[in-house]
Amino acid sequence: MIDHISVAVRDLDRAARFYEAALAPLGLARLVARPATLGFGKAYPEFWINLRAAMSAVGEGSGVHIALRARSTADVDAFHAAALAAGGRCDGPPGIRPHDRVKYYAAFVTDPDGNRIEAVTFPG
């Protein structure tokens, strides 16, 4: 249903370092680099970051929430650790999230600009 997504960032170099580290455990790499935008993906750019240097900081508890599929719980754990090491903030540690219809394993981080990024998998 969704072909690609993008998030705005205030500092493209800082965001590039964050996303290269955080997305690598999910199998996503930088595929496109332009002066004000970078595209990450597996076969084609599915996740973009776009420079918006004049944007205000994303307020606590607001902003975008993007969930990216991971292959395994280990990949979710690696995403979370890499994101924190690259300057992200924990917004929910790795673990099982039981809900009424489905049980899933996820971790949530906030990027340096305040965008909320999740890695999720559905263990058997």
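The preceding data block contains the structure.
Everything numeric here is computed off the predicted structure, so don't read it as measured data.

Asks: Help me understand the overall build of the chain, please; the structure alone is not making it clear to me.
Replies: Broken down by element type, the chain carries 2 helices and 8 strands. For the chain, the sequential pattern of α-helices and β-strands runs β-α-β-β-β-β-α-β-β-β. Each principal axis of the C-alpha distribution contributes one length, and for the chain these read about 40 × 35 × 30 Å. Looking at the chain as a whole, 42% of its 124 residues qualify as buried. Put simply, 55% of the contacts in the chain that link residues at least 6 apart link residues at least 24 apart. With an accessible surface of roughly 6,600 Å², the chain has 54% of that area assigned to carbon and sulfur atoms. Here the chain holds 14 positive side-chain charges and 13 negative ones, and the gap between their average locations is 2 Å.

Asks: Got a minute to help me understand the packing of helix H1 (residues 12-23) against helix H2 (residues 73-85) in this structure?
Replies: If you want to describe how two helices pack, look at the angle between their axes and the distance between the axes. At a minimum axis separation of 7 Å, H1 and H2 run at an interaxial angle of 160 degrees. It follows from the interaxial angle that H1 and H2 lie roughly antiparallel. Crossing of H1 over H2 shows right-handed handedness. Seen from H1, the contacting residues are Phe 18, Ala 21 and Ala 22; seen from H2, they are Phe 79, Ala 82 and Ala 83. Here the residues of the contact of H1 with H2 sort into 6 nonpolar, no polar and no charged.

Asks: What should I look at first to understand the nonpolar core in this one?
Replies: Within the largest apolar cluster, 26 residues are counted, with the highest numbers of intra-cluster contacts made by Tyr 19, Leu 23, Phe 47, Ile 49, Leu 68 and Ile 117. Ranked by residue count, the leading element in this core is H1, at 7 residues. Setting aside its immediate chain neighbours within four residues, Ile 49 contacts Val 7, Val 9, Leu 12, Ala 15, Ala 16, Tyr 19, Ala 36, Thr 37, Leu 38 and Phe 40.

Asks: I'm lost on the side chain of Glu 118 in this one. Help?
Replies: Among the structural elements, Glu 118 can be located in strand S8 (residues 116-121). One buried charge, Glu 118, has no salt-bridge partner; the nearest side chain with opposite charge is Arg 116, at 6.1 Å. Among the polar contacts listed, one links the side chain of Glu 118 to the side chain of His 65, at a separation of 2.8 Å. Other than its neighbours up to four places away in sequence, Glu 118 contacts His 65, Ile 66, Ala 67, Leu 68, Phe 79, Tyr 104, Ala 106, Ala 107 and Phe 108.

Definitions and cut-offs
Residues numbered from 1 in each chain as written. Predicted model: local features only at pLDDT ≥ 70, side-chain atom pairs only at ≥ 80, totals over all residues. Heavy atoms only, no water. Helix = DSSP H or I, 4+ residues; strand = E, 2+ residues; numbered from the N terminus. Buried < 20%, exposed > 50% of the residue type's maximum accessible area, 1.4 Å probe, protein only. Contact = heavy atoms within 4.5 Å. Areas by Shrake-Rupley, 256 points an atom, 1.4 Å probe, with all protein chains shown as cover. Lys, Arg positive; Asp, Glu negative; His and termini not counted. Charge placed at Lys NZ, Arg CZ, Asp CG, Glu CD. Axes fitted to C-alpha atoms, helices over the stretch in contact; angles between N-to-C directions. Parallel < 35°, antiparallel > 145°, perpendicular 65-115°, else oblique. Left-handed = near helix turned anticlockwise from the far one by under 90°. Nonpolar A, V, L, I, M, F, W, Y, C, P; charged D, E, K, R; others polar. Core = buried A, V, L, I, M, F, W, Y, C linked by side-chain atoms within 4.5 Å. Salt bridge = Lys/Arg side-chain N within 4 Å of Asp/Glu carboxyl O. Polar contact = N/O pair within 3.5 Å; in protein donor to acceptor, adjacent residues only side chain to side chain.

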